Amino acid sequence: MPVSGDGRLQLLRSQQHAATAKERDRYCRLAVLAGHREACLMFCFARSDFFEDHQPLKPFKSHGIKVAFYGYYYPSRYADLIDDEQRAFCCSLYQFKEGENHGIEFFKACMSLLNLDDAPYHILFMPCSDEFKYARRFKRLDWYITTHRPDLSSGLYDVDVFESRDSLHEAKGGENRILERNYRITGNIEGKQIIIVDDVLTSGQSMADYKEEIERCGGKVVAAIFYGKTVTRPPLLLIKAHVWGGCIVNKIKELTK
Ligand SMILES: O=C(O)c1cc(=O)[nH]c(=O)n1[C@@H]1O[C@H](COP(=O)(O)O)[C@@H](O)[C@H]1O
């Protein structure tokens, strides 16, 4: 039976207030079956285990190095489609970006996963849109590394962010955008084993570009850690196929019981 616009909205609201992940999953599936477009995204965000290639705190290889991230980042346009926990994580990520959250827990959690046993390692932070934001974002991790981590050294001052540029995600061209390098590596990183630290991993283009520049200056990049990884958004058809497929399989199971 077709579900009215009001009915679809009701299903969507129900899932937003669902008490458990199981309930949320059920309401999301119902809303997808009822034809609600936003429910597809909600379902996809609620079930990253189905739709994401990489999970938080599970290292993977990319561009020949080990990569780990702390949690998923949902851009603000998706704020209404995520749950409280996801929203709280994004909020902590914004605070990290603004230098209001020191990021030490994130750093410790991701570093311990890398299982690197050939210390010392040198930490290089990803240059961002201007030198003020760069220092504000990373200065407390720099403090933590220099005061508490004899196995590491901090390269906060190895990088000179010499001019401001637009935020990368306002740059046109998607993954094919031309990255404008607004920094130079001025410290001596020759022969050092480098771990890159950044706030968000999206396409991986910035990481690859930074790695190239670090290696041109004689460093060897072994790993990269990120506070968040931007969630991927698969085609709606794929999400619908997943939900409809599951529904059909369940029906067949019921009928053949
Ligand atoms: O601050 C940004 O420019 C930014 C906004 C955003 O929504 N997502 C995002 O990834 N970024 C930045 O873009 C860089 C990663 O983008 P990719 O090169 O696509 O992996 C990171 O340095 C982020 O700080």
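Worth saying up front: this structure is predicted, and the values here are computed from it rather than measured. (Residues numbered from 1 in each chain as written. Predicted model: local features only at pLDDT ≥ 70, side-chain atom pairs only at ≥ 80, totals over all residues. Heavy atoms only, no water.)

As assigned here, the chain comprises domain 1 (3–49 + 233–254) and domain 2 (58–228). If you average the C-alpha positions of domain 1 and of domain 2, the two centres end up 34 Å apart. Each side of the interface is counted separately: domain 1 has nine residues, and domain 2 has eight residues. For the pair domain 1 and domain 2, the summed buried surface comes to about 720 Å²; carbon and sulfur atoms form 59% of the total. For domain 1, the biggest contributors to the area lost against domain 2 are Arg-24, Phe-45 and Ser-48; these three give 61% of the whole. (Domains from an automatic or database assignment. Contact = heavy atoms within 4.5 Å. Buried area = accessible area lost by both parts, 1.4 Å probe.)

With that settled, consider the pattern of salt bridges. The final tally for this structure, using the stated rule, is 17 salt bridges. Here Arg-181 and Glu-212 are joined by a salt bridge, their closest N and O atoms 3.7 Å apart. Of this pair, Arg-181 sits in the loop between strand E5 (159–161) and strand E6 (183–185) while Glu-212 sits in helix H8 (residues 205–216); the two residues are 31 residues apart in sequence, bridging distant segments of the chain. Note on Glu-212: relative accessible area 52%, which makes it exposed. Where Glu-213 meets Arg-181, a salt bridge forms, and the shortest distance between an N and an O atom there is 2.9 Å. One end of the pair, Glu-213, is in helix H8; the other, Arg-181, is in the loop between E5 and E6, with 32 residues separating them in the sequence. We classify Glu-213 as buried; its relative accessible area is 7%. Relative accessible area serves as the criterion here: at 32%, Arg-181 is assigned to the partly exposed category. One salt-bridge network, held together by shared partners, links Arg-181, Asp-209, Glu-212, Glu-213 and Arg-216. (Salt bridge = Lys/Arg side-chain N within 4 Å of Asp/Glu carboxyl O. Helix = DSSP H or I, 4+ residues; strand = E, 2+ residues; numbered from the N terminus. Buried < 20%, exposed > 50% of the residue type's maximum accessible area, 1.4 Å probe, protein only.)

Here we come to the site of the ligand. By nearness alone, 14 residues border the ligand, and Ser-167, Asp-199, Thr-202, Ser-203 and Ser-206 come closest of all. Contact distances for the ligand include 2.9 Å between an oxygen atom and a side-chain N or O atom of Asp-198. At 3.5 Å, a backbone N or O of Gln-205 approaches an oxygen atom of the ligand. For the ligand, whose unbound accessible area comes to 500 Å², protein coverage reaches 86%. At the level of elements, strand E7 (193–201) and H8 are the ones that each hand at least two residues to the shell around the ligand. Ranked by the residues each element gives to the shell around the ligand, the list is headed by E7, at three residues. (Near = heavy atom within 4 Å. Polar contact = N/O pair within 3.5 Å; in protein donor to acceptor, adjacent residues only side chain to side chain. Areas by Shrake-Rupley, 256 points an atom, 1.4 Å probe, with all protein chains shown as cover.)

In this section: the packing of helix H6 (residues 104–114) against helix H7 (residues 131–148). Axis separation between H6 and H7 bottoms out at 10 Å; the angle between their running directions is 55°. By the angle between their directions, the pair H6 and H7 is classed as oblique. Like other packed secondary-structure pairs, H6 and H7 cross with a definite hand, here right-handed. Across the interface between the two elements, Ile-104, Phe-106, Phe-107 and Lys-108 from H6 touch Leu-141, Trp-143, Tyr-144 and Ile-145 from H7. (Axes fitted to C-alpha atoms, helices over the stretch in contact; angles between N-to-C directions. Parallel < 35°, antiparallel > 145°, perpendicular 65-115°, else oblique. Left-handed = near helix turned anticlockwise from the far one by under 90°.)

Bringing the sheet that holds strand E1 (residues 60–62) into the picture now. The strand order across the open sheet built from six strands is E1-E2-E8-E7-E3-E4, with neighbouring strands paired in mixed fashion. Of all strands in the sheet, those with a lone pairing partner are E1 and strand E4 (152–154), marking the two edges. Neighbour to neighbour, the strand axes of the sheet diverge by 30° on average, direction disregarded. Strand direction decides the pairing type here: E1 and strand E2 (residues 65–73), joined by three bridges, are antiparallel. In the sheet register, Lys-61 faces E2, and the bridge partner there is Lys-66. (Pairing = 2+ DSSP bridges.)

With 10 of 11 residues buried, strand E8 (residues 220–230) lies mostly within the body of the structure. Here E2 runs beside E8; their pairing, made up of seven bridges, is parallel. Bridging from a neighbouring strand, Ala-68 pairs with Ile-225 of E8. Note: E7 against E8, eight bridges, orientation parallel. Looking at E8, one finds that Gln-193 is bridged to Lys-220. The parallel pair E7 and E8, bridged by H8, forms a crossover whose chirality is right-handed. (Right-handed = clockwise from strand over helix to strand, strands pointing away.)

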